[in-house]
Amino acid sequence: MFTDYLCGKSSRTIAFELNRKGVPGPQGAEWGPSTIHGNPKRGVGILNNELYVGRLVWNRLRYLKDPDTGKRVSRLNPESEWVILDVPELRIVDQDTWDAVKTRQQTLAYEPSAPARTSLTTVGDPGISSPV
């Protein structure tokens, strides 16, 4: 998966190919793109699992029950509360590959831009004249 991702394949394409080949996904389900790309900030998803580079991280997330829906929701713990153990014997991805994947993820990351300043968003702004 790491190699395919670095060759330019999307997580959607990788998931599609794994399903086409009949490779069982997590818990026997089909592969989905989010299982592969996950969320880098939360450390979830195949491409973000630090265990592949020999780092075991505990207490990254906490789980709470939403009182309105009854559903379990995850919340990121402060990094100061994480417990990290180096386990180099479990490394299966070399550092250069890991770093290259992180670089590609940052390149593709969606960063919402600031809202455009238009007459609708600037009405009442003393520094901008209103269109009349």
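Before reading further, recall that the structure is shown in the block above.
Reading the values: the criteria
- Each chain has its residues counted from 1, running along the sequence as written.
- Under the rules for a predicted model, residues below a pLDDT of 70 receive no local features and side-chain atom pairs below 80 are neither given nor counted, while totals for whole chains, interfaces and linings still include all residues.
- For the side-chain quantities, the full set of heavy atoms in the structure was used; hydrogens and water were omitted.
- Helix and strand assignments follow DSSP, with helices taken as H or I runs no shorter than four residues and strands as E runs no shorter than two, numbered in order from the N terminus.
- When accessible area is computed with a 1.4 Å probe and restricted to protein chains, residues below 20% of their type maximum are described as buried, those above 50% as exposed, and intermediate ones as partly exposed.
- Given a helix with a known number of residues, its expected span is that number minus one, times 1.5 Å.
- By arc we mean the arc of the directions from the helix axis to the C-beta atoms, nothing more.
- Residue contacts are counted whenever heavy atoms from the two residues lie within 4.5 Å of one another.
- The definition of a nonpolar core used throughout is a set of buried Ala, Val, Leu, Ile, Met, Phe, Trp, Tyr and Cys residues joined through side-chain atoms within 4.5 Å.

Engineer: Hey, could you run me through unusual backbone geometry in this one?
Structural biologist: Leave glycine aside and you will find that most residues have negative phi; peptide bonds, for their part, are mostly trans. You will see that Q27, though not glycine, has its phi angle at about 55°, which is positive. Phi is positive for N59, which is not a glycine, with a value near 65°. Examined against the element boundaries, N59 turns out to sit in the loop between β1 (55–58) and β2 (61–65). Taking relative accessible area as the criterion, N59 reaches 37% and is therefore assigned partly exposed.

Engineer: Before we go on, may I ask you to explain helix α4 (residues 95–108) in this structure?
Structural biologist: Because the α-helix completes a turn every 3.6 residues, residues three or four places apart line up on one side. Along its 14 residues, α4 runs 20 Å from first to last C-alpha, staying within 8% of the 20 Å computed at 1.5 Å per residue. Taken together, the buried positions of α4 are occupied by T97, W98, V101 and Q105. Buried residues of α4, seen end-on, are gathered within an arc of 100° and therefore sit on one face of the element. Exposed and facing more than 90 degrees away from the buried side of α4 are D96, Q106 and T107.

Engineer: Looking at this structure, how should I read the side chain of E17?
Structural biologist: Within the secondary structure layout, E17 lies in helix α2 (residues 11–20). Accessibility expressed as a relative area gives 17% for E17, which makes it buried. Beyond its immediate sequence surroundings of up to four residues, E17 is in contact with D4 and K9.

Engineer: How should the nonpolar core be read in this particular structure?
Structural biologist: Counting 13 residues, the largest nonpolar core has F2, W31, I36 and L47 as the members making the most contacts within it. Every element with two or more residues in this core is listed here: α1 (2–6), α2 and α4. Sort the elements by how many residues they give to this core and α2 lands first, with three residues. Sequence-distant contacts of F2, defined by excluding residues within four places in its chain, comprise I46, L47, Y52, V93, T97, W98 and V101.

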